[in-house]
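Chain residues, written in single-letter form:
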Amino acid sequence: MLEMLLEENLVSVVGMVDINPDAPGLALAREHGIAIYNNAEEALRACAPCVSFNMTHNEMLEEVASEILGAGGIVGGLEARLIWRIISNMKDAQSELHFQASHDVLTGLYNRRYMMEQLYQGVSQATRYRHPYAIVVMDLDRFKQVNDIYGHAAGDKVLSTMAGILRESVRDADIAGRWGGEEFLVLLPHTDLDGARQAAEQWLKRVLATPLGVGGGKSIQVSFSAGVAMFDPVNGRPAVKQALNIDQQVETLLHLADKRMYLAKDSGRSCVVVSGD
């Protein structure tokens, strides 16, 4: 309720009451400089004139509030319950919309739009604080054959399994997403080429060690080809220099990782390439 009221420009919250001094609502009120109270009657007298929301459903409290604030000064009972239900449903809907806007529906990983936003932010921070920043572009090998031979359901399972391995394997600071089709992208802040290569090779080992059942007692082994690139604002290598603007830095970084991913394909697939363009 407090979160909703704080977002409403037509309302000014003047007080918050809770008998529990450690209540999350009081903590939020403190952050916003809102007066907090542990006694409801004291709060009502200090904040009047105002409109009070009684979320306790305590009828005696409503009587006290009505005496202090007058008719219409207290919202409680069924009205409070309905408002609470509406706000909860709206909050759930907003959370779902936010998730859908930033995540890929099939894999649950971040989508391309969100990854681009994070890549721009990451390169900008790497430039400002002068630390290395690496990315890994991965493309599942012979994925079209999986769809053609075993069907799209098997292909979806392969994508979901790959996503699960990345989700379990990357560091908390890393960001993994579905880049498009059968391509995946992982952003690795504070990571040089060698560190990114080692991480990608570990992911590849896990993928190779995870055979997937495709029905009829059959299973397939999946692999990917990966290209790694690094932005190094200190040494200006391998090809992404600090002198470039942010758009050029991001474009060059993606281009280099993508080209190296294709070099991995040309080298026989199921490998990680960190050099050459």
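Residues numbered from 1 in each chain as written. Predicted model: local features only at pLDDT ≥ 70, side-chain atom pairs only at ≥ 80, totals over all residues. Heavy atoms only, no water.

Per an unreviewed UniProt entry, the protein goes by diguanylate cyclase and derives from Mariprofundus ferrooxydans PV-1. Recorded in UniProt under Catalytic activity (unreviewed entry), the annotation for the protein is "2 GTP = 3',3'-c-di-GMP + 2 diphosphate". (UniProt positions renumbered as here; feature names shortened; annotations may be inferred.)

J.: Sorry, what's going on with helix 2 (residues 24-31) here?
T.: Structurally, the α-helix is built with 3.6 residues per turn, so residues lying three or four positions apart point the same way. Along helix 2, the residues classified as buried are G25, L26 and A29. Each buried residue of helix 2 lies within a common arc of 95 degrees when the element is viewed along its axis, so the set occupies one face. Every exposed residue of helix 2 that faces more than 90 degrees away from the buried side is listed here: P24 and E31. On its buried side, helix 2 packs onto helix 1 (2-6), strand 1 (16-17) and strand 2 (36-37). (Buried < 20%, exposed > 50% of the residue type's maximum accessible area, 1.4 Å probe, protein only. Helix = DSSP H or I, 4+ residues; strand = E, 2+ residues; numbered from the N terminus. Arc of directions from axis to C-beta. Contact = heavy atoms within 4.5 Å.)

J.: Looking at this model, I keep getting lost on the packing of helix 6 (residues 112-129) against helix 10 (residues 246-266). Mind explaining?
T.: The contact between helix 6 and helix 10 brings their axes to 10 Å, and the two run at 110 degrees. Here helix 6 is positioned roughly perpendicular relative to helix 10, judged by the angle of their axes. Crossing hand, helix 6 versus helix 10: right-handed. Counted together, M116, L119, Y120, V123, S124 and T127 of helix 6 and I246, D247, Q249, V250, L253 and L254 of helix 10 form the full contact between these two elements. Considering only residue class, the contact of helix 6 with helix 10 consists of 8 nonpolar, 3 polar and 1 charged. (Axes fitted to C-alpha atoms, helices over the stretch in contact; angles between N-to-C directions. Parallel < 35°, antiparallel > 145°, perpendicular 65-115°, else oblique. Left-handed = near helix turned anticlockwise from the far one by under 90°. Nonpolar A, V, L, I, M, F, W, Y, C, P; charged D, E, K, R; others polar.)

J.: Help me understand the nonpolar core, please; the structure alone is not making it clear to me.
T.: V136, M138, L140, L166, F184, W203 and F224 are the most contacted members of the largest nonpolar core, which totals 34 residues. For this core, the elements supplying multiple residues, two or more each, are strand 5 (133-140), helix 7 (143-150), helix 8 (152-169), strand 7 (183-189), helix 9 (193-208), strand 8 (212-215) and strand 10 (224-231). For this core, the leading source of residues is helix 8, giving 7 residues. Ignoring sequence-local partners within four residues, the contact set of L140 consists of V158, L159, M162, E182, F184, V222, S223, F224 and K265. (Core = buried A, V, L, I, M, F, W, Y, C linked by side-chain atoms within 4.5 Å.)

J.: Looking at this structure, how should I read the packing of aromatic side chains?
T.: Here a ring pair, both rings aromatic, is described through the centre-centre distance and the interplanar angle of the planes. Following the criterion strictly, the structure yields 1 aromatic pair and no others. Measuring from ring centre to ring centre gives 4.1 Å for Y110 and Y114, while their planes differ by 15 degrees; the resulting arrangement is stacked. Take Y110: its relative accessible area is 26%, and that puts it in the partly exposed class. (Phe/Tyr/Trp six-rings, centres within 6.5 Å; stacked < 30°, edge-to-face > 60°.)

J.: I would appreciate a short explanation of the pattern of salt bridges in the present structure.
T.: Oppositely charged side chains can form a pair if their charged atoms are brought close together. As enumerated under the stated definition, the model contains 11 salt bridges in all. For R206, the salt bridge is made with E168, and the minimal N-O distance between the two is 3.0 Å. Of this pair, R206 sits in helix 9 while E168 sits in helix 8, placing them 38 residues apart in sequence. Judged by relative accessible area, which is 34%, R206 ranks as partly exposed. The class of E168 is exposed, set by a relative accessible area of 58%. Ionic pairing is found between E201 and R197, a salt bridge with its closest N-O pair at 2.9 Å. Of this pair, E201 and R197 both sit in helix 9, separated by 4 residues, roughly a single helical turn. Each of D139, D141 and K265 takes part in a single network of salt bridges with overlapping partners. (Salt bridge = Lys/Arg side-chain N within 4 Å of Asp/Glu carboxyl O.)

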